[in-house]
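# Structural overview
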Amino acid sequence: MGGEDEEAHEDTVHFLLLVKQEKLKQMKKLQRELQAINSDLQLLTGCKEADVQLGKRTIDSVGGEGEVVQNKRRRIARHLPDLDTAYSELREDDMDYFSGIVSSVAKYTQLRPVASIRYDDILRQSSTIISSIQFSGDQECFATAGVNCKIKIFNFGSVVHDQVDASVHTNGVYTHFPMQELNSRSKISCLSWNPDVLQQLASTDADGVVTLWDAHVGESIRTFHEHSQRAWSVDFSGHGDRGLFATGSDDCTVKMWSPSSARSVHTLECKANVCAVKFNPYQPHYVAFGCADRLVHYYDLRNPSMPMFMLKDHKKAVSYVDFFPNGELMSSSTDSTLKLWDIDSAVQDHRIRTFAGHKNVRNFVGMSAASRDFVVCGSEDDRLYVYHKELARPVATHSFSSQSPKERGSQSPFITSVCWRKKHSNTIIGANSNGIVNILELV
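Description of the structure in this document. Values in this document were obtained by computation on a predicted structure and should not be read as measured data. (Residues numbered from 1 in each chain as written. Predicted model: local features only at pLDDT ≥ 70, side-chain atom pairs only at ≥ 80, totals over all residues. Heavy atoms only, no water.)

## Observations concerning the overall build of the protein
This is how it is decided: Strands here mean DSSP runs of E at least two residues long; helices mean DSSP runs of H or I at least four residues long; both are numbered from the N terminus. Note on classification: 1.4 Å probe, protein chains only; a residue is buried when its accessible area is under 20% of the maximum for its type, exposed when over 50%, partly exposed between these limits. Contacts were defined at the residue level, with two residues in contact if any of their heavy atoms lie within 4.5 Å. Shrake-Rupley sampling with a 1.4 Å probe provides the accessible areas, and residues are treated as covered by the protein chains on show and by no other component.
The helix and strand inventory of the protein stands at six helices and 30 strands. For the protein, with 443 residues in total, the buried portion stands at 47%. Across the protein, every contact between residues at least 6 apart in sequence was considered, and the portion connecting residues at least 24 apart equals 49%. Split by element, the accessible area of the protein, about 21,800 Å² in all, is 49% carbon and sulfur.

## Re the sheet that holds strand E13 (residues 245-249)
The test is simple: For two strands to be treated as a pair, DSSP must find at least two bridges joining them. Comment: axis = line fitted to C-alpha atoms, over the contacting stretch for helices; angle = value between 0 and 180 degrees taken between N-to-C directions.
Pairing is antiparallel across the open sheet formed by four strands, whose spatial order is E12-E13-E14-E15. What marks the edges here is a single partner per strand, and that holds for strand E12 (231-236) and strand E15 (266-269). Taken pair by pair, the neighbouring strands of this sheet meet at an average axis angle of 15°, ignoring direction. Note that E12 and E13 share five bridges and pair antiparallel. Note that in E13 the partner of Ser-233 across the bridge is Gly-248.

## Topic: the pairing of strand E17 (residues 286-291)
Burial of E17 is extensive: six of the six residues sit out of reach of the surface. Here E17 shows a buried face lined by Tyr-286, Ala-288 and Gly-290 and a second buried face lined by Val-287, Phe-289 and Cys-291. Alignment of strand E16 (residues 274-279) against E17, held across five bridges, turns out to be antiparallel. In the sheet register, Val-274 faces E17, and the bridge partner there is Cys-291. A loop of six residues connects E16 with E17, the two strands running antiparallel in sequence, and His-285 in this loop sits at a positive phi of about 80°.

## Notes on empty space enclosed by the protein
The condition is simple: As defined here, a cavity is a set of points on a 1 Å grid over the protein atoms alone where a 1.4 Å probe fits but cannot get out. A pocket is an open set with protein on both sides within 12 Å along at least five of seven lines, and residues line them when an atom is within 4 Å of a point. Grid points are joined across faces, edges and corners, and a volume is the space filled by probe spheres set on the points. The classification used treats Ala, Val, Leu, Ile, Met, Phe, Trp, Tyr, Cys and Pro as nonpolar, Asp, Glu, Lys and Arg as charged, and all other residues, Gly among them, as polar.
Scanning all chains against the criterion turns up one cavity of 30 Å³ or more. Within this model, the largest cavity holds a volume of roughly 30 Å³. Along its surface, the largest cavity is lined by Arg-75, Arg-78, His-79, Val-105, Tyr-108, Thr-109 and Val-395. Tallied by class, residues from the lining of the largest cavity come to three nonpolar, two polar and two charged.

In structure tokens, the structure reads:
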């Protein structure tokens, strides 16, 4: 054996020793993980550690046998990588919460249609794009609005239970008659109900006009004309602030308004178009807004001279923001991702998780967080996507395509707006660009 061969063999020995060392580390880590898993299995099943093995009768007997159990296991298996990550992060701190995540994955797998209505008029003479859907404070009514310059208010119970009596039925979809209709002078971009005054509703439009409405009477109460460009978003505070609400605009400002004042009560300046604004409903004085600069800006209104922080990770404009109860914020972008942030964290990088699966590169498609752990968003493939906030991949989807096929020469339909019914958080309303409004339940 020559000197070069001996040197090559010696180098190979060094490599093998290093690989062996690394594999031993991995084996020790795997042994610790298996030990933890066996310990949790023993705790949850009451079986001895040696008996708890996948495929043996003892583990098959957990929860019974048959098709139902096998279906649950298949659902869990689809999310195994995400669940494994969540298990590693949560088992020591909150095993009960992790069990709830697994239970949700096993239980909720699809969006079941409850009712469908058509938004446009019977003669199909107006545009069908719905830019906003919002439930009233008591959750009994929902309002829709869009580019046809109309706000239509529907009684939820009537749409779900009595649509045959109050509708015109065409090709499997109902054109439902609203209980109230409000007329705007321009294309409406967003709606928000006042949670403290049930009949009060605010809207923003393409001319930058902010309008306060009395939904019961069907008339505007006050209009505000301070925005110089399109106003994309509006949101009421809901903290007993006498109806304080905020709007965001292409003029790079967020303005605060009071129903009792003829002018805005405060303005936050930004260097980019503001696409979405949302008050934190769980913490007074805080507001978040998403911008074309790819950032989420987070402000404490008691010190509005500068943001508390800016959340940076999206690759394109931030189109929606919403909140979960436990100090977490969800953002949506035209980079086809949602991102979850821990806004109470002291660390500089607040990002927790990125969610992908839907398609969103051009349009406003809607995003809404539930009062529990789910978020729904629209997609440019004409589907709704539901994510659990601990899992990066969707747990359920629903396609509108069978109800609204693409017409020759026209743009493919896409989802334009979504809203979760907060007090009944398995209920979702979604609309697409062909004017189909679906009420669905997560089951």
